[in-house]
Amino acid sequence: MKKFDIPIYYRSPVISVVKNARKVTDPRKKDYTPSVLDFGPVKFLIARHFGFCYGVENAIEIAYRSLEQNPGKRIFLLSEMIHNPSVNADLFARGVRFIREHNGKQLIRWEDLNLDDIVIVPAFGTTLEIQKLLAGRGINPYKYDTTCPFVQKVWNRADSLGKKCYTIIVHGKYNHEETIATFSHSKQNSPTLIIRNIEETEYLCGIISGKIPAEEFYKYFEGKFSNGFDVNTDLNSLGVVNQTTMLATETQAIADLIKSTLANKYCEENLKEHYADTSDTLCYATYDNQQATTGLLNTSGDFAIVVGGYNSSNTSHIVELCEEKLPVYFISGADKIISPEEIKHYNIHTSSEVSSKHWLDFNSSEPLEIVLTSGASCPDAILDEVLQKIVSFFPEAKSVEEALEPFKTESLI
Ligand code: SF4
């Protein structure tokens, strides 16, 4: 895979040794069991795959290049480049300004931009409407376009399904920048509907099969379908694509339900005309991270620490998976570890940060086992800080060099 030129402070001297050793011993990622970093009284079970993905490194490289190439110019990001607070804060500190918040709130008016300005398109991509708006103000929206190639792949898939006259179902979060961009691109060629989860799919399938009156569609899915969507004709032939960071199991369940509903309605032998059997459009990083999380959960950790931006979709899915088996602390960085007695962490169900006391158990006769992973937009350097802060609470712990010794040996085998 291509190597990107990203600032050194995002790299990590500890985690990278573990990752490199696994790359040597398992280059094709056939083994999703975690690596064990053993400090004696505390062990970390480190996921086989996590951290910066291709699209994030690509976006970071382009964003920092834009700073180097345009001294003295005003540089804007359409919104957060990726969902990680430390990366966005660093770009902000270097003078990059955000045009919108991730929830769509406008921070800088479009009319305040002019043709000398540089605008960076984030890894999620953007809508055709915004591209047009920028071009109208004399700004080239493609010069510093960091749209991930895996997001573009989804747009291409939607495009080719549209050309074959399928209506596009986008499995995604309505307010997520990537889903908004995919919806914008897809609706150019085909009727398009955004579906959030299996409950909404059940409702849609109720309409397709005639169990729910067709006119209910417009109320139930208000704001989530393309202009001119005709419930009587646009639900006859469907193809599913997704936001690249959704839960693989959820996308599969949605696609299976739509497929079986259409098979019942139109008979199995006619199914090809009514259902485009595409494999899902999750990206490789989401797939690997979710597989690696499953690998983590087959082990015996005491609790999990998941590190990432609180608004990161792929990180929240890792949290969801871990929660099925373990207590989970979802933190954005080492500063959330206040002391051995207190940790602040994000609750994805209430969308709020909470505080937990006495989260580290020093009374067990067994070493503490902590499952550690992060989302695709989290620098490994932040995981290092988290790990080292926890180790500092154990005075008898081995040094980092001693704990890393088995990985250095493995890399040489
Ligand atoms: S998570 Fe996937 S789609 Fe998103 S930026 Fe990374 S590689 Fe691209």
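Quick caveat, the model's predicted, so the values are computed rather than measured.

Definitions and limits used
- Residue positions within a chain follow its written sequence, with the count starting from 1.
- Whole-chain, interface and lining totals are the exception, using all residues; otherwise, since this is a predicted model, local features are given only for residues with pLDDT of at least 70 and side-chain atom pairs are given and counted only at 80 or more.
- Only hydrogens and water are removed before side-chain values are computed, so all heavy atoms of the structure are retained for them.
- Being near a molecule or strand, for a residue, comes down to having at least one heavy atom within 4 Å of it.
- Residue classes follow a fixed rule: Ala, Val, Leu, Ile, Met, Phe, Trp, Tyr, Cys and Pro count as nonpolar, while Asp, Glu, Lys and Arg count as charged, and any other residue, Gly among them, counts as polar.
- The definition used for a disulfide is geometric: two cysteine sulfur atoms within 2.5 Å.
- Accessible area is worked out with a 1.4 Å probe on protein chains only. A residue is then buried under 20% of its type maximum, exposed over 50%, and partly exposed in between.
- Only buried Ala, Val, Leu, Ile, Met, Phe, Trp, Tyr and Cys residues count toward a nonpolar core, and they belong to the same one when joined by side-chain atoms within 4.5 Å.
- By definition, any uninterrupted DSSP run of H or I lasting at least four residues is a helix, any uninterrupted run of E lasting at least two residues is a strand, and each is numbered from the N terminus.
- Contacts are assigned to residue pairs that have any heavy atoms within 4.5 Å of one another.
- Boundary definitions for the domains trace back to an automatic or database domain assignment.
- In short, buried area is how much 1.4 Å probe accessible area vanishes from two parts on joining, totalled over both.
- A pair is scored as a salt bridge if a Lys or Arg side-chain nitrogen falls within 4 Å of a carboxyl oxygen belonging to Asp or Glu.
- A 3.5 Å cut-off defines polar contacts: any pair of N or O atoms within that distance qualifies, except that in protein one atom must be a possible hydrogen donor and the other a possible acceptor, and neighbouring residues in sequence count only when both atoms are side-chain atoms.
- Here, a strand pair is defined by DSSP locating no fewer than two bridges between the strands.
- A fitted line through C-alpha atoms represents every axis, and for helices the fit uses only the stretch in contact; the resulting angles, taken between N-to-C directions, go from 0 to 180 degrees.
- Throughout this description, any angle smaller than 35 degrees is read as roughly parallel, any larger than 145 degrees as roughly antiparallel, any in the 65 to 115 degree range as roughly perpendicular, and the remainder as oblique.
- It is the rotation of the near helix from the far one that decides the hand of a crossing: anticlockwise by less than a right angle makes it left-handed, clockwise makes it right-handed.

### Quick look at the site of the ligand
Around the ligand, the structure places Cys53, Gly55, Val56, Cys148, Phe150, Val151, Thr244, Thr245, Cys283 and Tyr284. Here the shell around the ligand is composed, by residue class, of 7 nonpolar, 3 polar and no charged.

### Things to note about the state of the cysteines
Inspection of the entire model under this criterion finds 0 disulfides. Of the cysteine sulfurs around Cys267, a residue in no disulfide, the closest is that of Cys205, at 17 Å. Cys267 gets classed as partly exposed once you look at its relative accessible area, which sits at 38%. Looking at the unpaired Cys378, the closest cysteine sulfur is the one in Cys53, lying at 12 Å. For Cys378, a relative accessible area of 1% corresponds to the buried category.

### Concerning the nonpolar core
Of all hydrophobic cores here, the largest spans 55 residues; its most connected members are Leu37, Phe39, Phe44, Ile305, Trp359 and Leu387. The leading source of residues in this core is helix H13 (residues 380-391), at 6 residues. Those residues within four positions of Trp359 in sequence are excluded, and the remaining contacts are Phe303, Ile305, Tyr329, Ile337, Ser339, Pro340, Glu341, Glu342, Ile343, Ile390 and Phe393. Formed by 27 residues, the second largest nonpolar core is a distinct cluster that contains Tyr10, Phe52, Ala59 and Phe98.

### Some remarks on the domain arrangement of the protein chain
One can read the domain layout of the protein chain as domain 1 (8-53 + 284-412), domain 2 (54-136) and domain 3 (150-276). Computed from C-alpha atoms alone, the centre-to-centre distance between domain 2 and domain 3 is 30 Å. If you look at the interface, domain 2 gives 11 residues, while domain 3 gives 13 residues. Together domain 2 and domain 3 conceal approximately 920 Å² of surface at their shared face, both sides included; 58% is due to carbon and sulfur atoms. Applying the counting rule to domain 2 against domain 3 returns 1 salt bridge. Residue Glu129 pairs with Lys187 through a salt bridge whose shortest N-O separation is 3.0 Å. The interface formed by domain 2 and domain 3 contains 5 residue pairs in polar contact (both at pLDDT 80 or more). When the residues that make up the side of domain 2 that touches domain 3 are grouped by side-chain class, the tally is 4 nonpolar, 6 polar and 1 charged.

### With respect to the sheet that holds strand E5 (residues 118-120)
An order of E4-E3-E5 is seen for the 3 strands of this open sheet, with the pairing classed as parallel. Sheet topology places strand E4 (97-98) and E5 at the edges, where each strand pairs with a single neighbour. Examined bridge by bridge, strand E3 (residues 75-77) and E5 share 3 bridges and lie parallel to one another. When the sheet's bridge partners are listed, Ile75 is paired in E5 with Ile118.

### Observations regarding the packing of helix H11 (residues 284-297) against helix H12 (residues 313-323)
Any two packed helices are characterised by how steeply their axes cross, that is the angle between the axes, and by the distance between the axes. Packing of H11 against H12 brings their axes to within 10 Å, and their N-to-C directions diverge by 25°. On the basis of their axis angle, the class for H11 and H12 is roughly parallel. For the pair H11 and H12, the crossing hand works out as right-handed. Where H11 approaches H12, its residues Asn289, Gln290, Thr293 and Leu297 are matched on the opposing element by Asn314, His317, Ile318, Leu321 and Cys322. Residue classes in the contact of H11 with H12 are distributed as 4 nonpolar, 5 polar and no charged.

### Quick look at the pattern of salt bridges
Considering all chains together, one arrives at 14 salt bridges under this definition. The residue Lys29 makes a salt bridge to Asp288 at a minimum N-O spacing of 2.6 Å. You can see Lys29 sitting in the loop between helix H1 (15-25) and strand E1 (35-38) and its partner Asp288 sitting in helix H11, a full 259 residues away along the chain. Owing to a relative accessible area of 24%, Lys29 belongs among the partly exposed residues under this scheme. Overall, Asp288 belongs to the buried group, its relative accessible area being 7%.

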